[in-house]
Amino acid sequence: MSKNLMARLCVAAVAIPAILWISYQGGWWLYGMITLFALVAICEYLVAEGYRPNSIYFWLAFLTVASVFASFAAGFFEGTDAAVLGLMTLGMAGPIAFLSMFMISSMILALGKEEPAVLFQRASRLFWGVAYVGMLYPFVMIIGIFGSTQTISSGDLLLFLF
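Scoring rules and cut-offs
Residues numbered from 1 in each chain as written. Predicted model: local features only at pLDDT ≥ 70, side-chain atom pairs only at ≥ 80, totals over all residues. Heavy atoms only, no water. Helix = DSSP H or I, 4+ residues; strand = E, 2+ residues; numbered from the N terminus. Buried < 20%, exposed > 50% of the residue type's maximum accessible area, 1.4 Å probe, protein only. Contact = heavy atoms within 4.5 Å. Areas by Shrake-Rupley, 256 points an atom, 1.4 Å probe, with all protein chains shown as cover. Phe/Tyr/Trp six-rings, centres within 6.5 Å; stacked < 30°, edge-to-face > 60°. Lys NZ or Arg CZ within 6 Å of the ring centre and 35° of its normal. Patch = residues over 30% accessible without salt bridge, like charges linked within 9 Å, V, L, I, M, F, W, Y side chains within 5 Å. Salt bridge = Lys/Arg side-chain N within 4 Å of Asp/Glu carboxyl O. Expected span 1.5 Å × (residues − 1). Axes fitted to C-alpha atoms, helices over the stretch in contact; angles between N-to-C directions. Parallel < 35°, antiparallel > 145°, perpendicular 65-115°, else oblique. Left-handed = near helix turned anticlockwise from the far one by under 90°. Nonpolar A, V, L, I, M, F, W, Y, C, P; charged D, E, K, R; others polar.

Draft legend 1. Just the overall build of the protein, in detail. Of regular secondary structure, the protein possesses seven helices and zero strands. In sequence order, the secondary structure elements of the protein are arranged as α-α-α-α-α-α-α. A buried classification covers 36% of the 162 residues belonging to the protein. Contacts in the protein between residues far apart in sequence, at least 24 positions, make up 63% of those at least 6 positions apart. Accessible surface computed for the protein: about 9,600 Å², of which carbon and sulfur atoms make up 73%.

What follows is the structure in structure tokens.
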């Protein structure tokens, strides 16, 4: 057995029970886990696309996803009808943040010396990658909140999702 496989098995032995426990706890525990996963996912995506942490595009995309999660939390845990308010906050903040990031990054990319087709491809890949991560992960929270209002527990719904 290789060392890499052994390390992966050890991490899985700790992470899987922790993720299941957090899924059944819900609330801030679930929000923290999903936020951490989303921020790690956007970092991995940006590095895979060739954006390094010393790049303005990296931090612009990272802060866009972080701001969506911050606005999502502000609406989600206020105490009124949390699911509807969180969904409305995501519905308003997400597209505004993503379009702002797309416009700013596109203007900065346009200052480069690459061909317009390459610039458009880079800007589009950056936008859709950030939109995918920033809009997909909050829906796990919505499933968690809506599940607590139904007859099935939110942990069961999240376990089915995973």
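Draft legend 2. The arrangement of the packing of aromatic side chains in detail. Within this structure, the stated rule accounts for eight aromatic pairs. Aromatic pair Trp 21 and Trp 29: ring centres 5.1 Å apart, planes at 75 degrees, arrangement edge-to-face. Relative to Trp 59, the ring of Phe 58 has its centre 5.3 Å away and its plane inclined at 75 degrees; by these criteria the two rings are edge-to-face. In this structure, Arg 122 is placed above the aromatic ring of Tyr 57, and the distance from its NZ or CZ to the ring centre is 5.9 Å.

Draft legend 3. Just a nonpolar patch on the surface, in detail. A surface patch of nonpolar side chains, amounting to about 430 Å² of accessible area, comprises Met 1, Leu 5, Met 6 and Leu 9. Structurally, Met 6 is set in helix H1 (residues 3-25). Assessed through its relative accessible area of 42%, Met 6 is described here as partly exposed.

Draft legend 4. How the structure looks around the pattern of salt bridges. A full pass over the atoms with the stated rule returns two salt bridges. Note that Arg 125 is salt-bridged to Glu 49, the shortest N-O span being 2.6 Å. Here the residue Arg 125 occupies a position in helix H5 (residues 116-136), and Glu 49 occupies one in the loop between helix H2 (27-48) and helix H3 (56-76), the gap between them amounting to 76 residues. A salt bridge links Arg 122 to Glu 114, with the nearest nitrogen and oxygen atoms 3.2 Å apart. Judged by its relative accessible area of 27%, Arg 122 falls in the partly exposed class.

Draft legend 5. Region of the structure containing H5. Counted at 1.5 Å a residue, the expected span for H5 with its 21 residues is 30 Å, and the 29 Å between its end C-alpha atoms agrees. Of all the positions in H5, only Leu 119, Ala 123, Ser 124, Leu 126, Phe 127, Gly 129, Val 130, Ala 131, Val 133 and Gly 134 are classed as buried.

Draft legend 6. Just H2, in detail. Helix length check: H2, at 22 residues, gives a terminal C-alpha distance of 32 Å against a target of 32 Å (1.5 Å per residue), a fit within 8%. Leu 30, Tyr 31, Met 33, Ile 34, Thr 35, Ala 38, Leu 39, Ala 41, Ile 42 and Leu 46 are the residues of H2 that are buried. Of the residues flanking the end of H2, it is Gly 50, one or two places downstream, whose phi is positive at about 95 degrees.

Draft legend 7. The arrangement of the packing of H2 against H5 in detail. With their axes 10 Å apart at the nearest point, H2 and H5 run at an angle of 160 degrees to one another. Considering their axes alone, H2 and H5 lie roughly antiparallel with respect to each other. Viewed along their axes, H2 and H5 form a crossing whose handedness is right-handed. From H2, Ala 38, Ala 41, Ile 42, Tyr 45 and Leu 46 reach across to H5, where they touch Arg 125, Leu 126, Gly 129, Val 130 and Val 133. Of the residues belonging to the contact of H2 with H5, the class tally is eight nonpolar, one polar and one charged.

Draft legend 8. The arrangement of the packing of H1 against H2 in detail. Put simply, H1 and H2 touch, their axes get as near as 7 Å, and they point 130 degrees apart. With respect to their mutual orientation, H1 and H2 come out oblique. Where H1 crosses over H2, the two elements pack in a sense that is left-handed. Across the interface between the two elements, Ile 19, Trp 21, Ile 22, Ser 23 and Gln 25 from H1 touch Gly 27, Trp 29, Leu 30, Met 33 and Phe 37 from H2.

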